[in-house]
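Chain by chain, the residues run as shown.
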Amino acid sequence: MKKAVLCCVVIMLGAVAFLGADATFYGSARLGFWYENTDKDWNCYQYGVSESNLALNYAMQSNSRFGAKFITNGITGQVELAVSPSSVGLRLLYGKLTKADLSVIIGQDYSGFKPYGDQVYADDLNFINYGLFYDSRQPMVKFSCKKGFQAMLIIPKEIDVTGLGGLKSLSPKVNLSYEYTNKKFYFSTSVGVNINKYNKNFNTDQLDKMILSYAVSLTGKYDLGMINLLAQYSYGVNVGNYGICTITPSSVVYDSGNKSFENTKTFGGLIVVGCKLFNAGVSYIETCNSLWSEKDTAMSAFIQKKVSICKNVFLVPEVGLMDNMKDNTGAQEGKKIYGGMKIQADM
């Protein structure tokens, strides 16, 4: 692990020196210290053990990072690595060319579905999986203008729910977004479409079917002075095939008896309230499909307080709940109650 980190750092430094770039380096070390209490339903559903459990989860977060921002020959860029004791991974790697009010990014960057929510448990979860629509950082070509519009051509997502093969993409994943902000108000919307096709000559059921997946999110923030409000509503069809992270099954469902596909609809939402004393939030996700007997639902909630230790060092005590509610057969999936803190030092 140490060799891998050292190798990545040397490569980064060498690339910056080779390009003759002006670079600014940064880092963020993050530790999570959590007590997790799971009930009988959670452990029975997850592990087949019908007993409650209390355990300590104390580890370096996988979203700890080291990176550099650089500029050379009129091109700006960023390289960012995720660093933990067990792995090194790529978070960001792109170059950005700007001309007047337009810019083009080539490389791996955030899509229009960004993390919101402030929840710090589980490597800064931010309600990912539990109602926030998020598809992580993706390789793409991104076109932006200063008025807030963005258009992204992203490497397509291919998820073969049949296991029969023959699934291919005929176009990039397309994501369009818009952001508006002023001193008190922020608004963003993001729309994404992903299209795959089963080729009947390359799967055993001779499927000839187009799989359409799309996702839409609306996010708003408002500063009321003493209180800040954040809300997001999201909807999509087959969002798992698009690449959205969900705790509930959200991909298209294959009916092998009829050799047909049934679309899965997903609804998600979250609300976060912040003031000087605390931040608190709640989220909800629901998926449904005509082949299921029940809707699959889950929710999460937290309350926290950021405490500064010194410049660039702080901790965030937080308690929260993750309730996986019922699956699509009506079975109880259980709850997890957690409490602890994130400890972070930025460099």
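To start, this report covers the structure provided alongside it. (Residues numbered from 1 in each chain as written. Predicted model: local features only at pLDDT ≥ 70, side-chain atom pairs only at ≥ 80, totals over all residues. Heavy atoms only, no water.)

Turning our eyes to something else, we now look at the packing of aromatic side chains. A full pass over the atoms with the stated rule returns 15 aromatic pairs. Consider the rings of Trp34 and Tyr338, whose centres lie 5.6 Å apart with planes at 85°: the pair is edge-to-face. Pair noted here: Trp34 is in strand 1 (residues 22–38) and Tyr338 is in strand 21 (residues 335–346), with a separation of 304 residues, a long-range link. This pair shows no difference in class: Trp34 is buried, exactly as Tyr338 is. Lying over the aromatic face of Tyr26, Lys69 brings its terminal NZ or CZ to 6.0 Å of the ring centre. Here the guanidinium or amino end of Lys173 rests over the ring plane of Tyr242, the centre of that ring lying 4.2 Å away. (Phe/Tyr/Trp six-rings, centres within 6.5 Å; stacked < 30°, edge-to-face > 60°. Helix = DSSP H or I, 4+ residues; strand = E, 2+ residues; numbered from the N terminus. Buried < 20%, exposed > 50% of the residue type's maximum accessible area, 1.4 Å probe, protein only. Lys NZ or Arg CZ within 6 Å of the ring centre and 35° of its normal.)

With that settled, the discussion passes to the nonpolar core. Judged by nonpolar contacts, the single largest core of 22 residues is most densely connected at Phe127, Tyr130, Leu132, Leu270, Val272, Met322 and Tyr338. When contributions to this core are tallied by element, the ones reaching two or more residues are strand 16 (265–274), strand 18 (296–304) and strand 20 (313–323). Here the element with the most residues in this core is strand 20; it accounts for three residues. Dropping the residues within four chain positions of it, Tyr130 is found in contact with Trp42, Leu125, Ile247, Ser283, Tyr284, Ile285, Ala298, Met299, Ser300, Met322, Asp323 and Asn324. Judged by nonpolar contacts, the second largest core, of seven residues, contains Leu167, Tyr198, Val252 and Phe261. (Core = buried A, V, L, I, M, F, W, Y, C linked by side-chain atoms within 4.5 Å. Contact = heavy atoms within 4.5 Å.)

Bringing the side chain of Asn328 into the picture now. For Asn328, the position within the fold is in the loop between strand 20 and strand 21. In this structure, Asn328 is in contact with Pro249, Trp292, Ser293, Glu294, Lys295 and Asp296, ignoring residues within four places of it in sequence.

It is worth spelling out the environment of Gln232 at this point. Assignment of secondary structure puts Gln232 in strand 13 (residues 228–237). A distance of 3.4 Å separates a polar atom in the side chain of Gln232 from the backbone nitrogen of Phe133. (Polar contact = N/O pair within 3.5 Å; in protein donor to acceptor, adjacent residues only side chain to side chain.)

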